[in-house]
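A structural walkthrough
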Amino acid sequence: MTLAERDGAPTGQQDAVRHFVLQTEALDLESTLDGGQAFRWWRVSGDGESAVYDGVIGSTALRISELGDALDPQAGTPAQDVALRQAQDGGHVDIKVEVRSELVPEGLEHAVADYLGIGPGPKTSISELRVRFADDPCIGPAITGFPGLRLLRQDPWECLVSFICSSTSNIPRIKLNVGSVAREIGSRVGLGDADYCFPAPKAVAAAGEQKLRDLGLGFRAKYVIPAAEAVASGKLDLAALRETPFYEARAALVGLTGVGEKIADCVMAFSLDKAEAFPVDRHIRRALERWYGLPEGTNNSNAAEFARERFGNFGAVAQQYMFHRERLSQRAKWGGDHVGHALPEDRL
DNA sequence: GTCCAGGGTGAAA
DNA sequence: TTTCACCCTGGA
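My aim in this report is to walk through the structure given alongside it, one point at a time. (Residues numbered from 1 in each chain as written. Chains lettered and ligands numbered in written order. Predicted model: local features only at pLDDT ≥ 70, side-chain atom pairs only at ≥ 80, totals over all residues. Heavy atoms only, no water.)

1. Some details on the pattern of salt bridges
Rule in force here: Any carboxyl oxygen of Asp or Glu that lies within 4 Å of a side-chain nitrogen of Lys or Arg is treated as forming a salt bridge with it. Counting from the N terminus, the helices are DSSP H or I runs at least four residues long and the strands are E runs at least two residues long. Here's how the labels work: a residue is buried when its accessible area is under 20% of the maximum for its type, exposed when over 50%, partly exposed in between, all with a 1.4 Å probe on protein chains only.
Within this structure, the stated rule accounts for 21 salt bridges. In this structure, the salt-bridge partner of Glu30 is Arg43, at a minimum N-O distance of 3.8 Å. Taken together, the residues Glu30 in helix H2 (residues 29-33) and Arg43 in strand E2 (residues 42-43) connect sequence positions 13 residues apart. Since its relative accessible area comes to 16%, Glu30 is described here as buried. Note on Arg43: relative accessible area 25%, which makes it partly exposed. Notably, a salt bridge pairs Glu289 with Arg285, separated by 3.4 Å at the nearest N-O pair. Residue Glu289 and its partner Arg285 are located together in helix H14 (residues 282-292), separated by 4 residues, close to a single helical turn. On the basis of relative accessible area, Arg285 is assigned to the buried category, the value being 18%. Through salt bridges with shared partners, a single ionic network connects Arg250, Glu261, Asp265, Glu305 and Arg308.

2. Details of the sheet that holds strand E1 (residues 19-25)
For clarity, the cut-off: We treat two strands as partners when DSSP finds at least two bridges between them. Only heavy atoms enter the contact rule, under which two residues are in contact if any of them lie within 4.5 Å. Throughout, an axis means a line fitted to C-alpha atoms (over the contacting stretch in the case of helices), and angles, computed between N-to-C directions, take values from 0 to 180 degrees.
Reading across the sheet, the 5 strands line up as E1-E5-E4-E3-E2 and stay open at both edges, with antiparallel pairing between neighbours. Since the sheet does not close on itself, it has two edges, and those belong to E1 and E2, each with one partner. Helix H4 (residues 108-115) rests against E1, strand E3 (52-57), strand E4 (60-66) and strand E5 (92-99) of the sheet, and its axis sits at about 35° to E1.

3. Describing the pairing of E3
The side chains of a regular strand alternate, residue by residue, between the two faces of the sheet. In terms of burial, E3 is largely enclosed, as 6 of its 6 residues are buried. Both faces of E3 are covered, namely the face carrying Val52, Asp54 and Val56 and the face carrying Tyr53, Gly55 and Ile57. Sheet analysis places E2 next to E3, joined by 2 bridges and oriented antiparallel. Residue Trp42 lies in a different strand from E3, and its bridge partner there is Asp54. Pairing between E3 and E4: 6 bridges, direction antiparallel. Within E4, the residue paired with Tyr53 across the bridge is Ile64.

In C-alpha cells:
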C-alpha cells in the first residue's frame, strides 16, 4: 500500500492557480536541481525525455518541467533539443510549475523563481559569466555545453543539514539521509512518497541524535543536533547571514561542530547569496591542479583562496561548472583532458 | 558473499 | 602538518 492510498486523495476544491509558467534565460533542470546543490528533487521523466522533477519548496510539493521555448508548446521535447536551443542563442526557456500540494500559498510564483535563482533577488549574471569565461580552459566548454546550469537559492537550514550530511558520503546517500529526515520528522505536504517539508530546527533538535542515527545519518547525527539547537535558539541566525560579509558569515558557520570550510562554502554558495564562495573538495582540487596550475600539495583552504582570486564573484557558479564537468568526466562521458562535444549525446 | 569509495571534520599524534 | 576514526550505503 502506498502512502498516497493510505492517506486518501485531497479534498481540494478548485482553488487558485495550480500551475504557472516561468520564462527565463536558459535553465537546465537536471544539472541544476540534481547536480549536487540540492538533494530532494526526484526525476519523474525517463532518460532522453524532457526533464520533469518532483520536489518540495517550503511547504509546497511541486512538479517542475522544461517546456522548451516559448514558441513550442509541444510536450515531450527531447532534452537535447531543449539544450541545443538554449545553447544556440542563450535563449529563453519556459519552465512549467505544477502545484501538487492541496494549498497554493501566497507568493508561490515568486518563491519558486527565487529558489531557482531566477528571481529579482541577488544573482550572478549568466551572460556576463559567458563573456568573461568563454575562453577558460576548464569551465569555458562547460558553460557552452550546459548554458542552463544555475545556482539555486535554497533555504539555508535545509542546505546546512544537507551538507553536514555530505561529509564522507555520496550523492545517492545524501539524498537518502535528507529524505529520511524530512519524511520522519517533517510534515506531509503532498501525496508522493517524498512530499514532506523539511523539518524546522526545533523539530530536529527535539528528535534527538539517536533518532537521526536510526535514520542512517551515522556520525553526522552528532553534528546535526547542536546545529539545530543553535539555529532554534537564535544563537545562530542563518537568515541574517545573507547580509553578512563573506568571511564573517563563514566564521559563524565554521563555528558549528562538523562544519568546516568546505561545507560552509557550500551553504554560502547555495543558500546565502555568497557569490564568492568556492567549496573545494577532492574533485575540485584535481580540477584546479589540472587546469589552473594549482601546486600539488596546496591545502584546501589555500586552494579556495587561489580560486577566489581567479574567479572573484563568479566563484560559486564557476565551482558548480567545474564540479559538473568533473562529475561527467568521471563517468567517462567527456573524456579526460578534452571536451569532445559542447553537448554530450548522453548526459544521463 | 567481500571490498571499496564516497562533494569532510575534529582530535590526537 | 599528518593521520585516523567516524557510519553506512550502493556498486563492483
